[in-house]
Amino acid sequence: EAPTMRKLGLYRFLSGDAGVDIRVPKTIDDNAASDEEKRKEKEEESSVFMNQPKSKGKIKKKSGGGALQSPSVQSAPLSIVSVPFVLDVVMRSYDFIVGTKVGLRMQIDDDDGRQQGVSIADLLSEFLSNYTIMLLTTNNLSMNVEEASTTADVPRLSEFVNRVFGTEILQSHKARSVLLYYRAVASAVDAHGTNN
């Protein structure tokens with residue numbers, strides 16, 4: 001029912017336009033590196049005698065006649081997305097549009113006005129990898145069993161992996177979809193295990 005709308009909704013969610021930041025959250029090390037980069041940029045800016053204005057001489061007209069601007073909205077973190085939502089909404093929506101006449105590609109206008117093709121399959125694969133890594137990194141897999149049982153995301157990780165590789169998805173989803181799920185989740189687990 002309405003595969004075009006499912007495809008559009010799935011695209012908006014997977015591209016981060018639905019209020020959820022679908023990227024893997026930064027770790028403490030990443031935050032420290034980004035803080036160091038910002039500090040270096042500020043030092044470089046302060047050491048320059050005369051900085052060119054950011055506008056570079058261009059004058060922009062104000063639009064809206066002085067109306068109040070709405071504050072910028074910050075996306076929710078990936079960790080807020082529940083396992084049932086990923087499995088029962090996102091993955092089921094993808095499986096529904098696989099093999100339909102609407103296809104798995106979106107034609108999106110870029111900043112220059114040119115159209116570029118975006119694959120929903122690639123976006124879903126990246127999302128599933130990021131989601132798996134998020135579940136893995138919020139858990140400390142090197143903990144012993146007693147410590148792991150007190151960590152909140154062990155049940156989420158277990159539920160996610162067991163359901164992705166379980167018989168329910170294998171029996172109810174198309175083979176093409178199942179292969180994408182398996183590849184994305186397994187490669188994320190493997191990459192995380194290799195890096196640690």
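That block above? That's the structure.
Definitions and cut-offs
- Residues numbered from 1 in each chain as written.
- Predicted model: local features only at pLDDT ≥ 70, side-chain atom pairs only at ≥ 80, totals over all residues.
- Heavy atoms only, no water.
- Helix = DSSP H or I, 4+ residues; strand = E, 2+ residues; numbered from the N terminus.
- Buried < 20%, exposed > 50% of the residue type's maximum accessible area, 1.4 Å probe, protein only.
- Contact = heavy atoms within 4.5 Å.
- Areas by Shrake-Rupley, 256 points an atom, 1.4 Å probe, with all protein chains shown as cover.
- Core = buried A, V, L, I, M, F, W, Y, C linked by side-chain atoms within 4.5 Å.
- Salt bridge = Lys/Arg side-chain N within 4 Å of Asp/Glu carboxyl O.
- Pairing = 2+ DSSP bridges.

Draft legend 1. Main features of the overall build of the protein. Within the protein one finds 8 helices and 2 strands. Each helix and strand of the protein, ordered N terminal to C terminal, gives the series α-α-α-β-β-α-α-α-α-α. Each of the 196 residues in the protein was classed as buried or not, and the buried ones make up 29%. Contacts spanning at least 24 positions in sequence make up 69% of the contacts within the protein whose residues lie at least 6 apart. About 13,600 Å² of surface is accessible on the protein, with carbon and sulfur atoms providing 53% of the total.

Draft legend 2. Region of the structure containing the nonpolar core. Residues Tyr 94, Phe 127, Leu 128, Tyr 131 and Phe 160 are the most contacted members of the largest nonpolar core, which totals 39 residues. Within the residue set of this core, elements represented by two or more residues are α1 (3-14), α3 (83-97), α4 (120-138), α6 (153-164) and α8 (175-195).

Draft legend 3. Quick peek at the pattern of salt bridges. Applying the stated criterion across every chain, the model contains 5 salt bridges. Across the salt bridge formed by Asp 21 and Arg 23, the nearest N and O atoms sit 2.8 Å from each other. On the basis of relative accessible area, Arg 23 is assigned to the exposed category, the value being 56%. In this structure, Asp 112 and Arg 114 form a salt bridge, with 2.8 Å as the shortest nitrogen-oxygen distance. Grouping residues by exposure puts Asp 112 and Arg 114 together as exposed. Salt bridges here are not isolated pairs; linked through shared partners, they connect Asp 88, Glu 159, Arg 163 and Glu 168.

Draft legend 4. Highlighting the pairing of strand β2 (residues 115-119). The sheet contact formed by strand β1 (residues 105-109) and β2 spans 5 bridges and is antiparallel. Of the residues in β2, the one forming a bridge with Arg 105 is Ser 119. From the end of β1 to the start of β2, which pair antiparallel, there are 5 residues, and Gly 113 there has a positive phi angle of about 85 degrees.

Draft legend 5. Just the environment of Val 81, in detail. Here Val 81 lies in the loop between α2 (28-47) and α3. Residues Val 81 and Asp 21 lie 60 residues apart in sequence; the distance between their C-alpha atoms is 9.9 Å. Here Val 81 is in contact with Phe 13, Val 20, Val 86, Tyr 131 and Arg 156, once residues within four sequence places are set aside.

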